[in-house]
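# Breakdown of the fold
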Amino acid sequence: MIVTTKDLFDVAYGKFAIGAYNINNMEQCMGLFQGNLDSRAPFIIQISKGARAYTHKLMLESIIRAADQIFPDAIFAVHLDHGDEQSCFDCIESGFYSSVMIDASHEPFEENVAITKRVVDAAHARGLVVEAELGQLGGVEEHISVREEDAKLTDPQQAKEFVERTGVDSLACAIGTSHGAFKFSGSQTIHFDVLEEIQKLLPGFPLVMHGSSSVPQEEVARINRAGGKLEGARGVDENLFGQAAKLGVTKVNIDTDGRLVWTRVHREFFLEHPDGIDLRKPGKIFMAEYAKFIAHKNEKLGSAGKLDTAARAVGS
Ligand code: G3H
Ligand code: 13P
Ligand code: ZN
């Protein structure tokens, strides 16, 4: 059952965080649903602009609608990740998405406010929920690359003003994490002090932590042993999710870790089967491994076991 991110935030705020996982294909979709049901967790499916362009934007919609039928107990939101104004409007009009992210964080403050407000007005008129971003994460996203020294932590006072002026429903804050597999190359860490300040000024308001992959070192080692070159890759300590959730982080974005599972499975499979050509064999292993990974993450986020609570809250 597709719900809005707000439905899920109402259940989770201050207690646990909802996992927001990016998908690009059928295998990720099947593993994602399986892992969330195995761990009895509500979840958020994220679709980036790149994912929408990978085959065709309608392909992912169809795959998700099919998964909704295959796993009728699942409770999830469908969310556009890092949208620009045009992709937000496209998703709002599609009638399929339940929430969109407008990412104008690279724009000056006033421009970010103006763009976000336009998206909020259009989305709210159609019953969709909006996430925006203030501050700048380090790392690489599809349309923008931010060097660590250029990343800017979210200013708490500005966050309060931004939320009040835009009417946005949740806010992605730059608190030290970054996108991709190479985080914290300098002296960065999660800035709990900034989170605490934002929560004081915006009590009860859902915050979003992007760049939350933990880049498990065992996964990196296995990839490297099987021919990869990911020396120095590292991520966020997943044992900190609980602390972040208490400070208002209600949505935790994870994409890179899923890519690592995919890379490890396929590198190991073809190393062990140099004559292998049947894509279904590694595909099947990946779906099972991805499901295990999702269930583990949900334990760390505290969303595992919360499916029934979410079901009661949305009246399903
Ligand atoms: O934050 C970005 C996400 O990891 C999505 O990545 O734009 O390459 O699909 P992508
Ligand atoms: P990671 O690169 O840490 O998985 O972050 C994903 C993300 O923030 C998607 O919006
Ligand atoms: Zn992100």
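Above this text sits the structure in question.
Residues numbered from 1 in each chain as written. Chains lettered and ligands numbered in written order. Predicted model: local features only at pLDDT ≥ 70, side-chain atom pairs only at ≥ 80, totals over all residues. Heavy atoms only, no water.

### Looking at the site of ligand 1
If you check the shell around ligand 1, you find eight residues, and the closest are Ser-48, His-82, His-179, Asp-255 and Arg-259. Ser-48 is positioned such that a nitrogen or oxygen atom in its side chain is 2.6 Å from an oxygen atom of ligand 1. His-179 places a side-chain nitrogen or oxygen 3.2 Å from an oxygen atom of ligand 1. Protein coverage of the free-state accessible area of ligand 1, which is 300 Å², stands at 81%. Taken together, the residues that form the shell around ligand 1 break down as no nonpolar, four polar and four charged. (Near = heavy atom within 4 Å. Polar contact = N/O pair within 3.5 Å; in protein donor to acceptor, adjacent residues only side chain to side chain. Areas by Shrake-Rupley, 256 points an atom, 1.4 Å probe, with all protein chains shown as cover. Nonpolar A, V, L, I, M, F, W, Y, C, P; charged D, E, K, R; others polar.)

### Quick word on the site of ligand 2
Within the structure, ligand 2 sits among 15 residues, and Asp-81, Lys-183, Ser-213, Asp-255 and Thr-256 are positioned closest to it. The contact in question runs from an oxygen atom of ligand 2 to an N or O atom on the side chain of Ser-213, over 2.6 Å. Take Asp-255: an N or O atom from its main chain is 2.7 Å from an oxygen atom of ligand 2. Relative to its unbound accessible area of 310 Å², ligand 2 is 96% covered by the protein chains. Taken together, the residues that form the shell around ligand 2 break down as one nonpolar, 11 polar and three charged.

### Points about the coordination of the zinc ion (ligand 3)
The coordination sphere of the zinc ion (ligand 3), as far as protein atoms go, consists of His-82 (NE2), His-179 (NE2) and His-210 (ND1), spread over 2.1 Å. Mapping the donors of the zinc ion (ligand 3) onto the primary sequence gives the spacing H-x96-H-x30-H. Taken together, the residues span a long stretch of sequence, with His-82 in strand S3 (residues 76-83) and His-179 in the loop between strand S8 (170-173) and helix H8 (192-201) at a distance of 97 residues. Overall, His-82 belongs to the buried group, its relative accessible area being 9%. (Donors = N, O, S within 2.8 Å, 3.2 Å for Na, K, Ca; no water. Helix = DSSP H or I, 4+ residues; strand = E, 2+ residues; numbered from the N terminus. Buried < 20%, exposed > 50% of the residue type's maximum accessible area, 1.4 Å probe, protein only.)

### Some remarks on the pairing of strand S10 (residues 249-254)
Counting buried positions along S10 gives six out of six residues, so the element sits mostly inside the fold. Pairing between strand S1 (residues 18-22) and S10: four bridges, direction parallel. Directly across from Ile-18, in S10, lies its bridge partner Lys-251. Sheet topology note: the strand S9 (residues 207-209)/S10 ladder contains three bridges and is parallel. Across the sheet, the residue bridging to Met-209 is Val-252, located in S10. (Pairing = 2+ DSSP bridges.)

### Some details on the pattern of salt bridges
A side chain with one charge may pair with a side chain of the opposite charge, provided their charged atoms come close. Tallied over the entire structure, the rule returns 22 salt bridges. Linking Lys-6 and Asp-10 is a salt bridge whose minimum nitrogen-to-oxygen distance equals 3.2 Å. In this pair, Lys-6 and Asp-10 are both assigned in helix H1 (residues 5-12), four residues apart and thus about one turn of the helix distant. The class for Lys-6 is partly exposed, based on a relative accessible area of 39%. For Asp-10, a relative accessible area of 53% puts it in the exposed group. Notably, a salt bridge pairs Asp-121 with Lys-117, separated by 3.0 Å at the nearest N-O pair. (Salt bridge = Lys/Arg side-chain N within 4 Å of Asp/Glu carboxyl O.)

### As for the packing of aromatic side chains
For the structure on display, the rule yields nine aromatic pairs. Ring plane angle 85° and centroid distance 5.1 Å describe the contact between Phe-269 and Phe-270, whose orientation is recorded as edge-to-face. The ring of Phe-16 carries the charged tip of Lys-306 above its face, separated from the ring centre by 4.9 Å. (Phe/Tyr/Trp six-rings, centres within 6.5 Å; stacked < 30°, edge-to-face > 60°. Lys NZ or Arg CZ within 6 Å of the ring centre and 35° of its normal.)

### So, the side chain of Asn-253
Along the polypeptide, Asn-253 turns up in strand S10. Only 2.9 Å separates the side chain of Asn-253 from the side chain of Lys-251, close enough to count as a polar contact. Ignoring any residue separated from it by four or fewer positions in sequence, one finds Asn-253 in contact with Ala-20, Gln-46, Asp-81, Val-208, Met-209, His-210, Gly-211, Ser-212 and Ser-213. (Contact = heavy atoms within 4.5 Å.)

### Concerning helix H4 (residues 57-70)
Compared with an ideal rise of 1.5 Å per residue, which puts 14 residues at 20 Å, H4 spans 21 Å between its outermost C-alpha atoms and is within 8% of the ideal. For H4, the full list of buried residues reads Leu-60, Glu-61, Ile-63, Ile-64 and Ala-67. Projected down its long axis, H4 shows its buried positions confined to an angular sector of 165°, all on one face. Where the residues of H4 are buried, they touch helix H2 (26-38), strand S2 (43-48), helix H3 (49-54), S3 and helix H5 (85-94). (Expected span 1.5 Å × (residues − 1). Arc of directions from axis to C-beta.)

### Let's talk about the sheet that holds S1
Reading around the barrel, the eight strands line up as S1-S2-S3-S4-S5-S8-S9-S10 and close back on themselves, with parallel pairing between neighbours. For this sheet the average axis-to-axis angle between neighbouring strands, irrespective of direction, equals 25°. Pairing of S2 with S3 involves six bridges; the strand directions are parallel. Bridging across to S3, Ile-44 finds its partner in Ala-77. Contacts between H1 and the sheet are confined to S1, S2, S3, strand S4 (99-102), strand S5 (129-134), S8 and S10, with S2 contributing the most and set at about 140° to the helix. Across the sheet, helix H7 (residues 156-166) lies against S5 and S8, angled at about 150° from S5, the strand it touches most. (Axes fitted to C-alpha atoms, helices over the stretch in contact; angles between N-to-C directions.)

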